[in-house]
Amino acid sequence: RSPLLEVKGNIELKRALAKAPSRLPLPGSRLKRGPDQMEEDLEPEKKRTRGLGTKVATSRPRATALTTVPQTQGQTAVPKVPRKTGPRCSAAIATATAAPPVVGRKKPSKRPAWDLKGQLCDLNAELKCCRERTQMLDQENQQLRNQLREAQQQATALGTERRTLEEELARMRAQAEQGQRELGNLSTRVLELEERLGTQEGLVQELQKEQLELQEERRGLAAQLEEQERRLQASEAALSGSQAELASLRQEAAAQADLLAKREERLHGLEMERRRLHNQLQELKGNVRVFCRVRPVLPGESTPPPGFLLFPSGPSGPSDPPTRLSLSRSDERRGTLSGAPAAPTRHDFSFDRVFPPGSGQDEVFEEISMLVQSALDGYPVCIFAYGQTGSGKTFTMEGGPGGDPQVEGLIPRALRHLFSVAQELSGQGWTYSFVASYVEIYNETVRDLLATGTRKGHGGECEIRRAGPGSEELTVTNARYVPVSCEREVEALLHLARQNRAVARTAQNERSSRSHSVFQLQISGEHAGRGLQCAAPLSLVDLAGSERLDPGLALGPGERERLRETQAINSSLSTLGLVIMALSNKESHVPYRNSKLTYLLQNSLGGSAKMLMFVNISPLEENVSESLNSLRFASK
């Protein structure tokens, strides 16, 4: 038999043994029975024995039941019986052991209760039958145990043989799989070699084809080489001519370089002449100039009566820019003898330039752009905006809200002009740098409007000092000096300054500036090629509102603070007027130190500095008194 058939037979034999019902006791069990188990085993025998006898009538009273002795040391207890035995007991035992019960036989009659000896004989007979049956079952159990042991030994042998065969089968299968893999690898290798062979054959064909092409190309190159040699000879001939031409071009380039140097020198001379003439022109116009600007009537304001403000034409007619302004004022306290009101009084003023209400920001800046150019040329320039609260000073200097280019003020326009011209002059060798600062003077205290973080509001820490020993340049201690190079940086500084500036509500305006704001731009230029340098400050000042005090007005705590502010403002404005008059009269002493404002701006007011004051007035008739005061101050 083959090993596979033997394994299959062993498996079928084990399945048959597993399915057969086993009559063996459970492993580890013992045939130890107690009194209760013995009674249960004897109960069927009693029933069979009783079924064999005849039925006997029970005419005697029942006797008490026999008591059982408890089991001791593994022995089965038996009931107590009397020592006397008789023929009835022997007959009963013989009857019980003679033959097994027969189906259909009448059950033996139950012994009466008084027949204890008969009952004992019946029990002894049943006990004997049970012992014989137990002995027979023990023999059968021993035989089955022996058979089981043999079957287990045979199963163990078959299992060992099966495992051996399974290992051999697994080994044979592994060998077969290894052989299949080797066969597959060899097949793959054969295919790869065939593919490489085909590739090599194709490559050989391509190389042969390429060899033919290279041979053809070599012949073409040989022909081209001959052509190039002919062209080289022609080029050498042309090169000799080009070298001669190059020599002449070098001589011409040297002449052009000399001419360019002369033109650059002439251009530099023209630039310096332009600066000189420009400065002379500004000096002829006046180092101290005054412009007047009348703001338009705002929505919600009453329209002034006709003839309240007049702008007479210049000598050449309406084509000339207006330089005069006429303001009429009626006084109800004055009258004629007939009781009729007196004629209004007209006040005429003349300035360097007058801007009617319809003048735009671009027109205003066009008039002062030449002054801004002077600052780039190295001359100090200072521009003021003067007037009562609500007359348009801040609008003139900084512009309106919303970022509209049409309403931009003088500060952003001036810096845009400076950046543009500096970019143009960089082509001539000039490099410029700009450093901005923005402070306010509130109650004769200097505050930094560009302060951020924890430094906000600490204006008392700022003081005006000389930049160094023997230096004429003034600086503000603890103030921020920010380098700027584009318009966006300037807009950010203006936005920060608007947030920090001291404003309060007055009778003239809901949001009134209660301090002088001073925007200073330090301009430094250098021409490295010629060793030239220039530096000048450009100061753009938005003065506080110039309202007069009412001495008879009863003031509370808040109004007293406004009163002190107004006194400080008017004192500094008065000092500014005295300084300008002293400069105009060329007096030996100029009272710069009488005010923080004039002390800070002294380098932008005297000497070759150019100064321009905008006097801003309101077009409303109700403000005629303050407008006249502003116009008179500007006329001085």
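Chains are numbered independently. Their residues run from 1 in the order of the written sequence. In keeping with the model being predicted, local features are shown solely for residues with a pLDDT of at least 70 and side-chain atom pairs are shown and tallied solely at 80 or more, while totals for entire chains, interfaces and linings include all residues. By convention in this description, side-chain values take in all heavy atoms of the structure and omit both hydrogens and water.

Participant: How should the overall build of the chain be read in this particular structure?
Facilitator: Numbering of helices and strands runs from the N terminus; a helix is a DSSP stretch of H or I covering at least four residues, while a strand is a stretch of E covering at least two. Across its full length, the chain carries 11 helices and 16 strands. Here, residues are in contact when the closest pair of their heavy atoms is within 4.5 Å. A sequence separation of at least 24 residues applies to 71% of the contacts in the chain between residues at least 6 apart. When the accessible area of the chain is evaluated, it comes to approximately 40,300 Å², of which 53% is carbon and sulfur surface. To be clear on the numbers: accessible area is Shrake-Rupley with a 1.4 Å probe, and residue cover counts the displayed protein chains and nothing else.

Participant: Just to check I follow, could you spell out the pattern of salt bridges for this structure?
Facilitator: A pair can form between side chains of opposite charge whenever their charged atoms are brought close. Any carboxyl oxygen of Asp or Glu that lies within 4 Å of a side-chain nitrogen of Lys or Arg is treated as forming a salt bridge with it. Taken as a whole, this structure holds 15 salt bridges when the rule is applied. Between Arg274 and Asp377 there is a salt bridge, and its shortest N-O distance comes to 3.0 Å. In this pair, Arg274 sits in helix 4 (residues 116–285) while Asp377 sits in helix 5 (residues 361–377), placing the two residues 103 residues apart along the sequence. Residue class for Asp377 comes out buried when judged on its relative accessible area of 7%. In this structure, Arg416 and Glu408 form a salt bridge, with 2.5 Å as the shortest nitrogen-oxygen distance. Here the residues in one salt-bridge network are Arg111, Asp115 and Asp122, joined through shared partners. Between buried and exposed lies partly exposed: a residue is buried under 20% and exposed over 50% of the maximum accessible area for its type, with that area taken using a 1.4 Å probe on protein chains only.

Participant: Even after reading the chapter, I still don't get helix 4, so can you show me in this structure?
Facilitator: An α-helix turns once every 3.6 residues. As a result, residues three or four positions apart point the same way. Compared with the 254 Å implied by 1.5 Å per residue over 170 residues, the 167 Å span of helix 4 between its first and last C-alpha is markedly short. Gly286 occupies a position one or two residues after helix 4 and carries a positive phi of about 115°. To estimate the expected span of a helix, count its residues, drop one, and scale the result by 1.5 Å.

Participant: Quick question: what am I supposed to make of unusual backbone geometry here?
Facilitator: In this structure, Asn443 takes a positive phi of about 55° despite not being glycine. With respect to the helices, strands and loops of the structure, Asn443 is situated in the loop between strand 7 (430–442) and strand 8 (445–448). Classification of Asn443 by relative accessible area gives partly exposed; the value is 29%. Positive phi outside glycine occurs at Glu444, with the angle close to 60°. Considering the arrangement of structural elements, one finds Glu444 in the loop between strand 7 and strand 8. Accessibility expressed as a relative area gives 29% for Glu444, which makes it partly exposed.

Participant: Quick question: what am I supposed to make of the pairing of strand 8 here?
Facilitator: The two faces of a sheet get side chains in turn, since along a regular strand they alternate between them. Residues of strand 8 alternate between two faces, with Val446 and Asp448 buried on one and Thr445 and Arg447 left unburied on the opposite face. Hairpin connection, strand 7 to strand 8: the antiparallel pair is bridged by 2 residues, and Asn443 has positive phi, about 55°. Here, strands pair whenever DSSP counts at least two bridges between them.

Participant: Where do I start with the UniProt feature "binding site: ATP" (unreviewed entry) in the chain in this structure?
Facilitator: UniProt positions are given in the numbering used here, feature names are shortened, and annotations may be inferred rather than shown by experiment. Within the UniProt annotation, "binding site: ATP" (unreviewed entry) is assigned to Gly387, Gln388, Thr389, Gly390, Ser391, Gly392, Lys393 and Thr394. With respect to the element layout, Gly390 can be found in the loop between strand 6 (381–387) and helix 6 (393–398). The partly exposed category is assigned to Thr394, whose relative accessible area is 28%.

Participant: When you look at the sheet that holds strand 3 (residues 324–329) in this model, what are you seeing that I'm missing?
Facilitator: Sheet strands line up and pair through hydrogen bonds in the backbone, either parallel or antiparallel. Taken in spatial order, the 3 strands of this open sheet run 2-3-4, and their pairing is antiparallel. Edge positions in the sheet fall to strand 2 (309–310) and strand 4 (345–350), since each has one partner strand and no second. Note: strand 2 against strand 3, 2 bridges, orientation antiparallel. Looking across to strand 3, one finds that Leu310 is bridged to Ser326. In this description, a line fitted to the C-alpha atoms serves as the axis of each element, helices being fitted only across the stretch in contact, and the angle between N-to-C directions of two axes falls anywhere from 0 to 180 degrees. On top of the sheet, helix 11 (residues 624–635) reaches strand 3 and strand 4; it is set at about 145° to strand 3, its chief contact.

Participant: I would appreciate a short explanation of the side chain of Ser326 in the present structure.
Facilitator: Along the chain, Ser326 turns up in strand 3. By relative accessible area, Ser326 is classed as buried at 3%. Here a polar contact is taken to be a pair of N or O atoms separated by no more than 3.5 Å, where protein atoms must pair a possible hydrogen donor with a possible acceptor and residues adjacent in sequence count only if both atoms sit in side chains. Looking at Ser326, its side chain comes within polar contact range of the side chain of Arg346, at 2.7 Å. Polar contacts involving the side chain of Ser326 include one to the side chain of Asp348, which spans 2.8 Å. Excluding its chain neighbours within four sequence positions, the residues that come into contact with Ser326 are Phe308, Leu309, Leu310, Pro312, Arg346, His347 and Asp348.

Participant: Looking at this structure, I do not really get the environment of Tyr386. What am I missing?
Facilitator: Topologically, Tyr386 is positioned in strand 6. With 94 residues separating them in the primary sequence, Tyr386 and Cys292 have C-alpha atoms 9.5 Å apart. Contacts of Tyr386, omitting those with residues within four sequence positions, involve Lys393, Leu543, Ser546, Leu573, Met613, Phe614, Val615, Asn616, Ser630 and Phe633.

Participant: Would you take a moment to explain the confidence of the model for the chain for this structure?
Facilitator: Detail in the predicted coordinates should be disregarded across regions flagged by low pLDDT. pLDDT measures the predictor's confidence residue by residue and takes values from 0 up to 100. Counting all residues, the mean pLDDT for the chain is 79, and 75% of those residues have values of 70 or more. Within the chain, the element-level pLDDT minimum falls on helix 3 (residues 87–98), averaging 40, and the maximum on strand 11 (residues 482–484), averaging 93. Note on residues 22–35: pLDDT under 50 across the span, and 17 contacts to partners over four residues away in sequence or across chains. Scored below 50 in pLDDT, residues 45–105 shows 79 contacts in the model against residues more than four places distant or in partner chains.

Participant: Would you mind going over helix 7 (residues 410–425) with me for this structure?
Facilitator: Between the first and last C-alpha of helix 7 there are 22 Å, a value that for 16 residues agrees with the 22 Å anticipated at 1.5 Å per step. Within the span of helix 7, buried status applies to Leu410, Ile411, Pro412, Arg413, Ala414, Leu415, Leu418, Phe419, Val421, Ala422 and Leu425.

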